[in-house]
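# Results of the structural survey
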Amino acid sequence: MPKKLMLTSLGILAIAVVLTAPGCMPAIRTDRDTVYQTSTISALMKGVFDGDMTLGELRPYGDFGLGTFQALDGEMLELDGKFYRANLDGSIMEVPDHTYTPFAVVTFFDNDMVVDLEQPTDLSQLQLHIDGKLVSPNYFYAVKVKGKFSSMKTRSVPVQVKPYPTLTDAVKNQQVTELHDVEGTMIGFRCPPYVDGVNVPGYHFHFIDSARKTGGHVLDCVASGVRVTIDGTPSFVLGLQDTKGFQRVNLGAGQPEGLQQVEQGK
Ligand SMILES: [Zn+2]
């Protein structure tokens, strides 16, 4: 197997696939407009819950992002360069740099576009509003939604033990937290439809309240006065795990079965 594999597409969209094997070439160059991801959603769906990258190793690729932790130990958020865990009960704690992640997506957040939404807006309306502002659905975007929410429904997941179940089975034991009249920030990405198997096509948001005490993976919400900032990120770098779990799992093609149910908590 080559130590480093890099594919670069044409135009302004650059996609690189990198095997993060230690002791080889310098890390691929990324910039502020790069979305960096470790592992794939299909591997996570199949129960590859051990990663080979720590949060300290992830931070040079971005100050904003989401994901999960080793053994699926809660929902992960990164905001302003700090990593947080949403525990099963929805409580938030800061996480040390030596913690490993089996799946995470980060970028350096820049305010390329700002949209203020004063009217009550549910999650699907919010996504339609944002869709209407995008140059094209074919790029990756980081999206920050900051302000007041009249309702916010989040979930987190319990830590898993080996042999790991699938994500679909693990999420059956999720815990849902419902907040009302809360201020905070939704941290998310909008991925293009062709990322099937690699990431989640469309929107994926995690939430953290302004006190940084409560949050999780967003299942539903009603925004009631928010500022949406959108960061266009025309490059995407995928770091593949150098783990036995990743090497042995059968990933197949296309969108993993059950992804929508897992993301929507159903
Ligand atoms: Zn999530």
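The notes below deal with the structure included here. Quick caveat: nothing in here was measured; it's all calculated off a predicted structure. (Residues numbered from 1 in each chain as written. Predicted model: local features only at pLDDT ≥ 70, side-chain atom pairs only at ≥ 80, totals over all residues. Heavy atoms only, no water.)

Let us look at the coordination of the zinc ion. Each angle at a metal carrying four tetrahedral donors should ideally be 109.5 degrees, and each at a metal carrying six octahedral donors should ideally be 90 or 180 degrees. Here the zinc ion is held by His204 (NE2), His206 (NE2) and His217 (ND1), and the distances to it run 2.0 to 2.1 Å. Positions of the donor residues of the zinc ion, expressed as sequence spacing, correspond to H-x1-H-x10-H. Remark: His217 occurs in strand β15 (residues 215–233) and His204 occurs in strand β14 (residues 202–209); sequence separation between them is 13 residues. (Donors = N, O, S within 2.8 Å, 3.2 Å for Na, K, Ca; no water. Helix = DSSP H or I, 4+ residues; strand = E, 2+ residues; numbered from the N terminus.)

Counting residues in hydrophobic clusters, the biggest one holds 37 residues, and the most contacted among them are Ile41, Leu44, Phe64, Leu72, Leu167, Phe189 and Ile208. Ranked by residues supplied to this core, first place goes to helix α1 (residues 41–45) with four residues. Among the nonpolar cores identified, the runner-up in size contains 23 residues, and Leu126, Val145, Tyr203 and Val228 belong to it. (Core = buried A, V, L, I, M, F, W, Y, C linked by side-chain atoms within 4.5 Å. Buried < 20%, exposed > 50% of the residue type's maximum accessible area, 1.4 Å probe, protein only.)

This next bit is on the pairing of strand β5 (residues 75–79). The buried fraction of β5 amounts to five of the five residues, a majority that puts the element mostly inside the structure. As defined by bridge partners, strand β4 (residues 64–68) adjoins β5 across four bridges and the pair is classed as antiparallel. Bridge pairing in β5 places Gly65 opposite Glu78. In this structure, the hairpin formed by β4 and β5 is closed by a connection of six residues, where Ala71 is found at a positive phi of approximately 65°. (Pairing = 2+ DSSP bridges.)

Put simply, Lys162 and Pro163 share a cis peptide bond, and its omega is -5°. Residue position: Pro163 is located in the loop between β12 (140–156) and α4 (167–171). Phi at Arg212 is positive, roughly 55°, even though this residue is not glycine. Looking at the element boundaries, Arg212 is found in the loop between β14 and β15.

The next point concerns helix α3 (residues 123–133). For α3, every residue scored as buried is listed here: Leu123, Leu126 and Ile130. Angularly, the buried residues of α3 cover 60° about the axis, an arc narrow enough to put them on a single face. Projecting away from the buried face of α3 at angles above 90 degrees are the exposed residues Leu128 and Gly132. Each element contacted by the buried residues of α3 is listed here: β10 (113–117), β11 (121–122), β12, β13 (175–191), β14 and β15. (Arc of directions from axis to C-beta. Contact = heavy atoms within 4.5 Å.)

With respect to the helices and strands, the residue Asp80 is situated in the loop between β5 and β6 (82–86). Note: C-alpha distance between Asp80 and Gly65 (15 residues apart in sequence) is 9.4 Å. Residues within four places of Asp80 in sequence aside, it is in contact with Asp63 and Arg212.

Attention now moves to the packing of aromatic side chains. Here the structure, examined in full by the defined rule, presents seven aromatic pairs. Each ring, one from Phe149 and one from Phe207, has its centre 5.5 Å from the other, and the planes form 80°; the classification is edge-to-face. Taken together, the residues Phe149 in strand β12 and Phe207 in strand β14 connect sequence positions 58 residues apart. Note on Phe149: relative accessible area 1%, which makes it buried. Take Phe207: its relative accessible area is 0%, and that puts it in the buried class. On the basis of an interplanar angle of 15° and a centroid distance of 5.8 Å, the ring pair of Tyr203 and Phe205 is categorised as stacked. Here Tyr203 and Phe205 have matching classes, each one buried. An aromatic cluster of three or more residues is present, and its members are Phe64, Phe109 and Phe189. The ring of Phe69 has Arg85 lying over it, and the distance from NZ or CZ to the ring centre is 4.7 Å. (Phe/Tyr/Trp six-rings, centres within 6.5 Å; stacked < 30°, edge-to-face > 60°. Lys NZ or Arg CZ within 6 Å of the ring centre and 35° of its normal.)

A separate point is the environment of Gln160. Locating Gln160 in the fold gives a position in the loop between β12 and α4. Judged by relative accessible area, Gln160 falls into the buried class, the value being 13%. It is 9.6 Å that separates the C-alpha atoms of Gln160 and Gly47, two residues lying 113 residues apart in sequence. With residues near it in sequence (within four places) discarded, Gln160 still touches Phe49, Ala71, Leu72, Pro165 and Ala170. Of the polar contacts made by the side chain of Gln160, one reaches the backbone oxygen of Pro158; its length is 2.8 Å. (Polar contact = N/O pair within 3.5 Å; in protein donor to acceptor, adjacent residues only side chain to side chain.)

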